[in-house]
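Coordinate inspection notes
Listed below, chain by chain, are the residues.
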Amino acid sequence: MMKLDDLKQDWQQNISSSTTPENLSEVIAMLEKETTKIDKEIKRRDLLEIAIAVLLIPVWIYGLFTSVSAMQTIGLVIAIVSCCFIPYKLISAKKIKPQKNTGLKDFLLSEKQKIAQQKQLLETIVWWYIAPLTTAIVLITLGSTVTETGLPQLNQHLTIYYGCLVLLIVGIYLLNKRAARKKFGPLLKKIEQRLAELS
């Protein structure tokens, strides 16, 4: 697998031999303005998400030693697994298959793959991010109220907390769906149009 920055560097070093200056200028003008900005946003997002996930792992591990119920323990285990999987998912989405050479078409194919992977990452955020973390949070908090009978007690405080949690989850989901549609969708379409012209 090849990282995006490495691919761009190789492409810029060798592209002059396989395209005309007009095509090169046109492609760079179209892509660099948009993809450079998006790449920076992706890097900032990934750095923040990975840092949070890594910092939370020791907290969840400590929680295992102070867990008061099996339900809470299961929630903590899910939280640990999720915090390990999220960085892996984010890093994997930035890797792309290297093309045969660094020509214009191959560069566009690589950019298309990169944008498509980021778009899919946001579109599938429910199953790899929201669902596991929400499940973990509910089990951890509800598990802390388990009585001697082995049953959790849903009190008013938790009811309000879960209501706020639902609003937060819906907000995260809608923001990511919007970003996939508004940010990555149009750029992906432009790259596909350029590829169609080259074909």
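Residues numbered from 1 in each chain as written. Predicted model: local features only at pLDDT ≥ 70, side-chain atom pairs only at ≥ 80, totals over all residues. Heavy atoms only, no water.

1. Re the layout of surface pockets
- The computed volume of the largest pocket comes to approximately 340 Å³.
- Residue lining of the largest pocket: 19 residues in total, with Leu56, Tyr129, Leu133, Ile137 and Ile172 positioned closest to the centre.
- Secondary structure elements with two or more residues in the lining of the largest pocket: α2 (21-66), α3 (70-92), α5 (125-143) and α6 (156-198).
- Residue composition of the lining of the largest pocket, by class: 17 nonpolar, 1 polar and 1 charged. (1 Å grid on protein atoms, 1.4 Å probe; cavity = no way out; pocket = protein on both sides within 12 Å on 5 of 7 lines; lining within 4 Å. Points joined across faces, edges and corners; volume = space filled by probe spheres on them. Helix = DSSP H or I, 4+ residues; strand = E, 2+ residues; numbered from the N terminus. Nonpolar A, V, L, I, M, F, W, Y, C, P; charged D, E, K, R; others polar.)

2. So, the pattern of salt bridges
- Applying the stated criterion across every chain, the model contains 6 salt bridges.
- Look at the salt bridges and you will find they share partners, linking Asp39, Glu111 and Lys114 into a network. (Salt bridge = Lys/Arg side-chain N within 4 Å of Asp/Glu carboxyl O.)

3. Focus on helix α4 (residues 104-123)
- Counted at 1.5 Å a residue, the expected span for α4 with its 20 residues is 28 Å, and the 28 Å between its end C-alpha atoms agrees.
- Turning to α4, its buried residues number three or more, namely Leu104, Asp106, Phe107, Leu108, Ser110, Glu111, Gln113, Lys114, Ile115, Gln118, Leu121 and Leu122. (Expected span 1.5 Å × (residues − 1). Buried < 20%, exposed > 50% of the residue type's maximum accessible area, 1.4 Å probe, protein only.)

4. Points about α5
- Relative to the 27 Å expected for 19 residues at 1.5 Å per residue, α5 spans 25 Å between its end C-alpha atoms, a close match to the ideal helical length.
- Largest kink in α5: about 30 degrees, centred on Ala131, with the proline Pro132 one to four residues after it.
- Regarding α5, the residues found buried are Ile125, Trp128, Tyr129, Ile130, Pro132, Thr134, Ala136, Ile140, Thr141, Leu142 and Gly143. (Bend = angle between axes of the 7 residues up to and from the residue.)

5. Digging into the environment of Lys190
- Tracing the backbone shows Lys190 in helix α6.
- Residue classification places Lys190 among the partly exposed positions, given a relative accessible area of 34%.
- With 78 residues separating them along the chain, Lys190 and Lys112 place their C-alpha atoms 9.4 Å apart.

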